[in-house]
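Each chain, written out:
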Amino acid sequence: MFVTVLLLLVTLCAQGGHGEEKVEAQRPGHVSVVIVGGTGDLAKKYLWQGFFELYVSQVGSGNTFSFYAGGLSPVDQATPVLFEILKAAFCLKHISEERCAVLKEQFLRLAQYRQLKTLEDYQELAKHIEKQLQEEGMAEAGRLFYLSVPAFAYADIADKINNSCRPTSGAWLRVVLEKPFGHDFRSAQVLASQLGNSLKDKEMYRIDHYLGKQVVSKILPFRIENKKFLDPIWNKYHIERMEIVLKETLDVKGRIAFYDQYGVIRDVLQNHMTEVMTLLTMQLPLNLSSSEEVAHNKLQILSSLLPLGKNQAVIGQYQAYKTEVQQELNKTKDHISVTPTFAAVLAHVDEAQYDGVPILLISGKMLDERVGYARILFKNDIFCLQNHNNIHCKPKQIVFYFGHGSLKYPAILVSKNLFKPALMDEWKEVTEHTDVSVLGLPISDYYVQTPTVQREAYAELIAHIFAGHKNSFISTENLLASWGLWTPLLNGLASSFPRIYPGGTDNEDLLDIRLKGNDISYNSEVVIISPDQMGGTSANNFQVMQGKYRSADMVSAWAEELVERLAADLQEAAEAAVREGGVFHLALSGGSTPLALFHRLVLHHFSFPWRNTHVWMVDERCVPLTELESNFHSLHDHLLQHVRIPYYNIHPMPVQLNQRLCVEEDGAALLYEKEINKLVNGSRFHFVLLGVGYDGHTASLFPGTKVDGHEESLVALTESPVKPHQRMSLTFSAINQAHQVSLLVMGKGKHELITQLSRMKDNPNKWPVTGVRPANGRLVWYIDYDALLG
Ligand code: BG6
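As the structure is a prediction and not an experimental result, all values here were calculated from the model.

A. Here's a closer look at the site of the ligand. With respect to spatial proximity, the complete set of residues near the ligand consists of Lys 179, His 209, Tyr 210, Lys 213, Leu 246, Glu 248, Arg 255, Asp 267, Val 268, His 272, Lys 365 and Arg 370. Take His 209: an N or O atom from its side chain is 2.8 Å from an oxygen atom of the ligand. A distance of 2.5 Å separates an oxygen atom of the ligand from a polar side-chain atom of Tyr 210. The fraction of the free accessible surface of the ligand (390 Å²) that becomes covered by protein chains is 82%. For the shell around the ligand, the leading source of residues is helix α10 (residues 256–281), giving three residues. Of the residues contributing to the shell around the ligand, the split by class is three nonpolar, two polar and seven charged.

B. A look at the pattern of salt bridges. Under the defined criterion, the tally for this structure stands at 32 salt bridges. For Asp 445, the salt bridge goes to Lys 394, with nearest N and O atoms at 2.6 Å. Note that Asp 445 is positioned in the loop between β16 (441–442) and β17 (446–451) and Lys 394 in the loop between β11 (371–378) and β12 (396–404), a separation of 51 residues in sequence. What makes Asp 445 buried here is its relative accessible area of 11%. Among the charged side chains, a salt-bridge network with shared partners connects Glu 53, Arg 455 and Glu 460.

C. Molecular detail of the sheet that holds β11. The ten strands are arranged β14-β17-β13-β12-β11-β7-β10-β9-β8-β18 in an open sheet whose pairing can be described as mixed. Of all strands in the sheet, those with a lone pairing partner are β14 (427–430) and β18 (499–501), marking the two edges. Each neighbouring strand pair of the sheet contributes to a mean axis angle of 15°, computed without reference to strand direction. Alignment of β11 against β12, held across eight bridges, turns out to be antiparallel. Among the inter-strand pairings, Gly 372 is bridged to a residue of β12, identified as Gly 403.

D. How the structure looks around the sheet that holds strand β6 (residues 204–207). Taken together, the six strands give an open sheet; going across it, the order is β3-β2-β1-β4-β5-β6, and neighbouring strands pair in parallel fashion. Every other strand in the sheet has two partners, leaving β3 (111–115) and β6 as the edge strands with one partner each. Each adjacent strand pair in this sheet contributes to an overall mean axis angle of 20°, direction not counted. In this sheet, β6 lies alongside strand β5 (residues 172–178) in parallel orientation, the contact comprising four bridges. Bridge pairing links Val 175 to Met 204 in β6. Across the sheet, helix α1 (residues 41–58) lies against β1 (30–36), β2 (64–71), β4 (140–147) and β5, angled at about 170° from β2, the strand it touches most. Relative to β3, helix α2 (residues 75–87) is tilted by about 145°, and along the sheet it contacts β2 and β3.

E. Geometry of the domain arrangement of the chain. Considered domain by domain, the chain is made up of domain 1 (30–178), domain 2 (212–515) and domain 3 (543–789). Placing a centre on the C-alpha atoms of domain 2 and another on those of domain 3 gives a separation of 39 Å. The interface is formed by ten residues belonging to domain 2 together with seven residues belonging to domain 3. In total, about 830 Å² of surface goes out of reach between domain 2 and domain 3, with carbon and sulfur atoms giving 56% of it. Along the contact surface separating domain 2 from domain 3 lie one salt bridge. The interface formed by domain 2 and domain 3 includes three residue pairs in polar contact (both at pLDDT 80 or more). Here the side of domain 2 that touches domain 3 is built from residues that sort into four nonpolar, four polar and two charged.

F. Highlighting the packing of aromatic side chains. Using the criterion set out here, one finds 29 aromatic pairs in the structure. With centroids separated by 5.0 Å and ring planes inclined at 50°, the aromatic side chains of Phe 52 and Phe 107 adopt a geometry described as tilted. Of this pair, Phe 52 sits in helix α1 while Phe 107 is found in helix α3 (residues 97–109), placing the two residues 55 residues apart along the sequence. Residue classification places Phe 52 among the buried residues on the basis of a relative accessible area of 0%. Note on Tyr 549 and Trp 781: the rings are 4.8 Å apart at their centroids and 75° apart in plane angle, and the pair reads as edge-to-face. One end of the pair, Tyr 549, is in strand β21 (residues 545–549); the other, Trp 781, is in strand β33 (residues 778–784), with 232 residues separating them in the sequence. Take Tyr 549: its relative accessible area is 5%, and that puts it in the buried class. Of the aromatic side chains, those joined through ring pairs into one cluster are Trp 48, Phe 51, Phe 52, Tyr 55, Phe 65, Phe 67, Phe 107, Tyr 146, Trp 172 and Phe 466. A cation over a ring is seen here: Lys 213 above Tyr 210, with NZ or CZ 4.6 Å from the ring centre. Between the NZ or CZ atom of Lys 470 and the centre of the ring of Tyr 205, over which it lies, the distance is 4.6 Å.

G. Molecular detail of the nonpolar core. With 124 residues, the main nonpolar core has Phe 145, Leu 147, Trp 234, Ile 265, Leu 280, Phe 400 and Leu 413 as its most contacted residues. A domain split of this core shows at least three residues from each of domain 1 (30–178) and domain 2 (212–515). With sequence-adjacent residues up to four places away left out, Leu 147 is seen in contact with Val 36, Tyr 154, Ile 157, Ile 161, Val 175, Val 176, Leu 177 and Glu 178.

H. Quick peek at the state of the cysteines. Summed over the entire model, instances satisfying the criterion amount to three disulfides. The side chain of Cys 384 participates in a disulfide bridge whose partner is Cys 393; the two sulfur atoms lie 1.9 Å from each other. When the S-S torsion is -95°, as for the bridge of Cys 384 with Cys 393, the disulfide is left-handed. A relative accessible area of 14% places Cys 384 in the buried class. Between the sulfur atoms of Cys 622 and its disulfide mate Cys 662 the distance is 1.9 Å. Residues Cys 622 and Cys 662 share a disulfide whose torsion about the S-S bond is about -85°; that sign makes it left-handed. With a gap of 40 residues between them, Cys 622 in the loop between β25 (619–621) and α18 (631–638) and Cys 662 in the loop between β28 (660–661) and α19 (668–679) connect regions that are remote in the sequence. An identical accessibility class is assigned to Cys 622 and Cys 662; each is buried.

I. Just the confidence of the model for the chain, in detail. Looking at the chain as a whole, the pLDDT averages 91, with 94% of positions reaching at least 70. Counting interchain partners and residues more than four positions distant, the pLDDT-below-50 stretch residues 1–22 has 65 contacts. This stretch, residues 526–542, has a pLDDT under 50; its non-local contacts, to residues over four places away or in other chains, come to 26 contacts.

J. Representation of α1. With 18 residues, α1 should cover 26 Å at 1.5 Å per step; its first-to-last C-alpha distance of 25 Å lies within 8% of that length. Along α1, the helix axis deviates most sharply at Leu 47, where the bend reaches about 40°. If you check which residues of α1 are buried, you get Ala 43, Leu 47, Trp 48, Gln 49, Gly 50, Phe 51, Phe 52, Glu 53, Leu 54, Tyr 55, Val 56 and Gln 58. Positive phi shows up at Gly 60, right after α1, with a value of about 90°.

K. How the structure looks around the packing of helix α11 (residues 291–303) against helix α14 (residues 476–493). Where α11 meets α14, the axes come as close as 10 Å, and the angle between the chain directions of the two elements is 15°. With respect to α14, the axis of α11 lies roughly parallel. Pair α11 / α14 crosses with left-handed handedness. Residues Ala 295, Lys 298, Leu 299 and Leu 302 of α11 form the contact with α14, whose participating residues are Glu 477, Asn 478, Ala 481 and Ser 482. Across the contact of α11 with α14, the residue classes tally to four nonpolar, two polar and two charged.

L. The arrangement of unusual backbone geometry in detail. A cis amide bond links Lys 179 with the next residue in sequence, Pro 180, at an omega value of 10°. Mapped onto the elements of the fold, Pro 180 is located in the loop between β5 and α6 (185–198). Positive phi is not limited to glycine here, since Cys 662 has a value of about 50°.

Analysis parameters
Residues numbered from 1 in each chain as written. Predicted model: local features only at pLDDT ≥ 70, side-chain atom pairs only at ≥ 80, totals over all residues. Heavy atoms only, no water. Near = heavy atom within 4 Å. Polar contact = N/O pair within 3.5 Å; in protein donor to acceptor, adjacent residues only side chain to side chain. Areas by Shrake-Rupley, 256 points an atom, 1.4 Å probe, with all protein chains shown as cover. Helix = DSSP H or I, 4+ residues; strand = E, 2+ residues; numbered from the N terminus. Nonpolar A, V, L, I, M, F, W, Y, C, P; charged D, E, K, R; others polar. Salt bridge = Lys/Arg side-chain N within 4 Å of Asp/Glu carboxyl O. Buried < 20%, exposed > 50% of the residue type's maximum accessible area, 1.4 Å probe, protein only. Pairing = 2+ DSSP bridges. Axes fitted to C-alpha atoms, helices over the stretch in contact; angles between N-to-C directions. Contact = heavy atoms within 4.5 Å. Domains from an automatic or database assignment. Buried area = accessible area lost by both parts, 1.4 Å probe. Phe/Tyr/Trp six-rings, centres within 6.5 Å; stacked < 30°, edge-to-face > 60°. Lys NZ or Arg CZ within 6 Å of the ring centre and 35° of its normal. Core = buried A, V, L, I, M, F, W, Y, C linked by side-chain atoms within 4.5 Å. Disulfide = S-S within 2.5 Å. pLDDT = per-residue confidence, 0-100. Expected span 1.5 Å × (residues − 1). Bend = angle between axes of the 7 residues up to and from the residue. Parallel < 35°, antiparallel > 145°, perpendicular 65-115°, else oblique. Left-handed = near helix turned anticlockwise from the far one by under 90°.

Listed below in structure tokens is the structure:
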């Protein structure tokens, strides 16, 4: 039964007051809230409290509610559990005890538990909602599903909601999802596309609870409100570095089944800390309430971050973790885990404004204190000869203090040698100080402000979801961009051993780090890896091996050393060509395998002769170059934009002519061929980098497509069995004319292919890669141990 609570229509506040967000029409009516996983930990700790606060805030708005906890347990078992949880809900300070008791009583009457397992359960729920709407004669405002369940269940539940629980026309559907949103770029993409089959983008609310923290949500408003002070100093000339730090004292006991597959980078750096980093560095939106503009500016900064390689991270693991894993995962005593519980990562934004500004992201479990903050430390060019206590001699910094730590409350602190900041809406200044220091400065050296009423992040976000404000949530594009940044690093670290630390204050200086240019390392050299941590694996054998593969030269090593070697060989070839003829012609493939090479070149080969290098494409997908799928787009993002190569030395394939893509009559292949003939001596590239696909394709020459039927042409339009089907590719004539061709093959997934190919006779139409046979040049296979040995 509904308790209908009517009265004034409360206008939901738009964030920040910078114009209105385009919010879905919000007509008052009945709202059904369904928490799937409604008796789980998160629901118990935060969600029901958040929904209770929402309910209280909506009294008198004309909206009515029913609340459902969904779960797998039978109703009779779970109902008492639910009511125990609900009884713990409390009112914020401004509501009297009597009033609170009445509201709580109403709230309890609106709630019920339902088993939600099968499609029929969801259909029953929908019927129940509709029947009640009819009986009460209420118009429906919307349905809010909060999925507080493991991510593997998302696609299935979204499908069931889509099939059976969509509200009738005019009412909204909002589905809230909790991280993890994938494990890496690929899995995030798969999950996004599965969800996309059932839900529209505007219906999905991906939560990052850090965006609901009061201090985090004020970063952009603070930057806007204090623009006149910040504009002149928010740049590389004034900022020494940015630090985003989340230190925790707890371990991960009880969560190991989840944590051991994720680790600290996936657990907090890829999401919470990346979000804070974007808020600090993104271009300020003209309209803070426009979720499109905010998401767009975030995306822009995410794509400007320099790639993260192994030299931009250090990792650690608290000592007891190993035993906890053995116990919780039922493993034997010799089982080791390399999952990091601590990480420090050094990021850089490749934009004129932030050129060279180090951005440190640090987080770990079992550290000495619980604290979270983002600090912008400014350069101080004042030299104090005598009075070091003078405020001008002290650190100049702005601290967004998320909470905990010595201060204990959330706050924004601006050191008094910078400027007096504007007071945020619904915030108050703190002037009475206890004897406490924050990041090297006594609190009295700061202007301090804190929220008037402290609110939990979840309550804040639930209010935004209800209001249909999307700018505190993660868009699909931004999610993928963030995984795009972190995935190569995670892959690079997969076989690294974390430094073992004892935990708590015993860590002493073991986790101190040192920044050197673009690189980060532990400050102390001691590498504490006990012999049992090595577990007798052969991973300490890092030698590079030379040999023969398919009667050509082969270099093999672990992935990282292999890429180092290929980068060194490439630079040597480039230098030799430049010495001889003043120019180096390099043709590069698309795909993900060469990304590690590009990162290596960007981060370690500063003397590479880019000014004399011409970059050509081995192949291209017939999509506009601005699309993520385009090989050139990826090459641009991962390599070209980070090196000093003249624009006129870059030669993307002209897949788009006359406003259309890869149409034979437009003669794009011939056009590219002519450009090669014009610039490349004898049309012989100095270096062609190729990869091999699982089906044996190389460049965009696919099996079963008459790959050697292009006669003398250097460039051809080709067909791929996978999307996008149309491609442009160098032909065997162009490839086999080159001075050197390198075939890079990496990863366990390619082991089967490498084994098969080793026995295969040349048969380019079936196995195109076997058609790579440079006539007067050298072929070298670069195969990592994973691919070679499985
Ligand atoms: C969660 C992580 O997302 O964030 C936890 O899964 C971490 O491992 C927590 O402890 C930190 O959030 P907060 O709000 O406690 O700082």
